[in-house]
Amino acid sequence: MTRPVRIGVHLWPGGTPDYAAWRAAVLRAEDLGADAVFGYDHFHLPAVRRVPTGVELEPVQPDVVHFEGWTALASWAEITSRTQIGLLVTGIGYRNPDLLADMARTVDHISGGRVILGVGAGYYEKDYSVYGWDYGTVRSRMDLFADGLRRIEHRLEHLIPKPLRPIPVLIGGAGEHRTLPLVGRYADIWHSTLDVETFRRKDDLVKQYAAAAGRDAGAIERACTWTGATRADALLKEGVTLYIAEVKPTDTGYDLTPLREALAWRDSFR
């Protein structure tokens, strides 16, 4: 294994007691030793249930306390010093892609070169409708996603000044016909929530798509959601090296127990 095992944490802002609680969780995660800290890019608490074959939407959630992700990242860039930071993941339809590239470049400079640019096609209709964007169809959102990745790549190459280092692009999702070809072409990190058997099959597709794009599939870091050491042990054998613990807030803040468990598992390899 050439890559080190890394642990991230995904701190949901939706339903947090206040911004101070979210901020404090970021600082605690860095103090505990997290390699990466992620927010998300929703404007309302998303209603979603993960199932083995993908993501199944549930009824719309009621409005709760919430904060916007990219402005928060600029703050995290100032208050943290070591951990990488990003969103899991930015909805490509919410911002002009060239602007998004510029935002990521700026946060990269603020953080001293620690930003991860996570991107996805977007799926939660309430975010679109309430904020005045066209929700469209799966096909139109994927078309926008593909074009947005192309524009981001171009803009990052032409900004003055450039990012402090090549900003890693994280793509979330596992759709075989549209998302995985984009992973093979653009991703530095591929994040999924797949079971081991499904991951193995789809990882083979990523390798094929990367080869077709003239890229080394080994340059793409594989990432999965942390669900415990047993699954992580199995995924590690398949080449997954970044595990992201998901932590949702309670009325009193954030319980980082899943992160601590993942960090203990990581440290057992050191």
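Conventions used here
- Residues numbered from 1 in each chain as written.
- Predicted model: local features only at pLDDT ≥ 70, side-chain atom pairs only at ≥ 80, totals over all residues.
- Heavy atoms only, no water.
- Helix = DSSP H or I, 4+ residues; strand = E, 2+ residues; numbered from the N terminus.
- Rg over C-alpha atoms; globule rule 2.2 N^0.38 Å.
- Buried < 20%, exposed > 50% of the residue type's maximum accessible area, 1.4 Å probe, protein only.
- Contact = heavy atoms within 4.5 Å.
- Areas by Shrake-Rupley, 256 points an atom, 1.4 Å probe, with all protein chains shown as cover.
- Lys, Arg positive; Asp, Glu negative; His and termini not counted.
- Charge placed at Lys NZ, Arg CZ, Asp CG, Glu CD.
- Core = buried A, V, L, I, M, F, W, Y, C linked by side-chain atoms within 4.5 Å.
- Pairing = 2+ DSSP bridges.
- Right-handed = clockwise from strand over helix to strand, strands pointing away.
- Axes fitted to C-alpha atoms, helices over the stretch in contact; angles between N-to-C directions.
- Parallel < 35°, antiparallel > 145°, perpendicular 65-115°, else oblique.
- Nonpolar A, V, L, I, M, F, W, Y, C, P; charged D, E, K, R; others polar.
- Polar contact = N/O pair within 3.5 Å; in protein donor to acceptor, adjacent residues only side chain to side chain.
- Phe/Tyr/Trp six-rings, centres within 6.5 Å; stacked < 30°, edge-to-face > 60°.
- Lys NZ or Arg CZ within 6 Å of the ring centre and 35° of its normal.

**With respect to the overall build of the protein chain**
And step 1. Secondary structure assignment for the protein chain yields nine helices and eleven strands.
And step 2. What you see for the protein chain is a C-alpha radius of gyration of 17 Å, in line with the 18 Å of a compact globule of 270 residues.
And step 3. Once the C-alpha set of the protein chain is aligned to its principal axes, its extents read approximately 50 × 45 × 45 Å.
And step 4. By residue count, 52% of the 270 residues in the protein chain fall in the buried class.
And step 5. Pairs at least 24 residues apart make up 73% of the contacts formed inside the protein chain by residues separated by at least 6 positions.
And step 6. Element-wise, carbon and sulfur atoms account for 54% of the exposed surface of the protein chain, whose accessible area totals about 12,000 Å².
And step 7. If you average the places of the 32 positive and of the 35 negative side-chain charges in the protein chain, the two averages end up 3 Å apart.

**Thoughts on the nonpolar core**
And step 1. With 66 residues, the main nonpolar core has Leu 11, Trp 70, Val 119, Phe 145, Ile 171 and Tyr 243 as its most contacted residues.
And step 2. Once residues lying within four places of it in the same chain are set aside, the contact partners of Leu 11 are Trp 22, Ala 25, Val 26, Val 37, Phe 38, Gly 39, Val 247, Tyr 254 and Leu 256.
And step 3. Ranked by size, the runner-up nonpolar core spans nine residues in total, among them Ala 36, Phe 38, Leu 170 and Ala 223.

**So, the pairing of strand E5 (residues 84-87)**
And step 1. With burial as the criterion, each face of E5 is covered, one bearing Gln 84 and Gly 86 and the other bearing Ile 85 and Leu 87.
And step 2. Bridge count for strand E2 (residues 36-39) against E5 is four bridges, and the pairing is parallel. Within E5, the position partnered with Val 37 by the bridge is Ile 85.
And step 3. Of the strand pairs in this sheet, E5 and strand E7 (residues 115-120) are connected by two bridges, and their pairing is parallel. Note on E7: the bridge partner recorded for Ile 85 is Val 115.

**Here we look at the pairing of E2**
And step 1. Burial along E2 is two-sided: the residues Ala 36 and Phe 38 and Val 37 and Gly 39 are all buried.
And step 2. As defined by bridge partners, strand E1 (residues 6-11) adjoins E2 across three bridges and the pair is classed as parallel. Looking at E2, one finds that Val 9 is bridged to Val 37.
And step 3. A crossover links E1 with its parallel partner E2, the connecting element being helix H1 (residues 19-32), and its sense is right-handed.

**Here we look at the packing of helix H5 (residues 138-158) against helix H6 (residues 179-186)**
And step 1. As a packed pair, H5 and H6 sit with axes 11 Å apart at the nearest point and diverge in direction by 5 degrees. In terms of orientation, H5 lies roughly parallel with respect to H6. Contacts between H5 and H6 involve Met 142, Phe 145, Ala 146, Leu 149, Arg 150 and Glu 153 from the first element and Thr 179, Leu 182, Arg 185 and Tyr 186 from the second.
And step 2. In the contact of H5 with H6, the residues fall into six nonpolar, one polar and three charged.

**Here we look at the side chain of His 42**
And step 1. Inspection of the secondary structure assignment puts His 42 in the loop between E2 and strand E3 (48-51).
And step 2. Polar contacts involving the side chain of His 42 include one to the side chain of Asp 127, which spans 2.7 Å.

**Some remarks on the environment of Arg 82**
And step 1. Looking at where Arg 82 falls in the secondary structure, it is placed in the loop between helix H2 (69-79) and E5.
And step 2. Given a relative accessible area of 39%, Arg 82 falls into the partly exposed group.
And step 3. A C-alpha to C-alpha distance of 25 Å links Arg 82 and Glu 153, two positions 71 residues apart in sequence.
And step 4. Leave out the neighbours within four places in its chain, and Arg 82 touches Glu 30, Gly 33, Ala 34, Asp 35 and Arg 114.
And step 5. Polar contacts involving the side chain of Arg 82 include one to the main-chain carbonyl oxygen of Ala 34, which spans 2.6 Å.

**Some remarks on the packing of aromatic side chains**
And step 1. What the rule picks out here adds up to 17 aromatic pairs.
And step 2. Where Phe 43 meets Tyr 131, the ring centres are 4.6 Å apart and the plane angle is 25 degrees; that geometry is what we call stacked. Residue Phe 43 is found in the loop between E2 and E3, and its partner Tyr 131 is found in helix H4 (residues 125-131); the two are separated by 88 residues along the sequence.
And step 3. You can call Tyr 131 partly exposed: its relative accessible area is 46%.
And step 4. Ring-pair connections join several aromatic residues into one group, and the members of that group are Phe 43, Tyr 94, Tyr 128, Tyr 131, Trp 133 and Tyr 135.
And step 5. One residue, Arg 141, lies across the ring of Tyr 135, its end atom 4.1 Å from the ring centre.
And step 6. In this arrangement the basic side chain of Lys 248 is found over the ring face of Trp 12, its NZ or CZ atom lying 4.5 Å from the centre.

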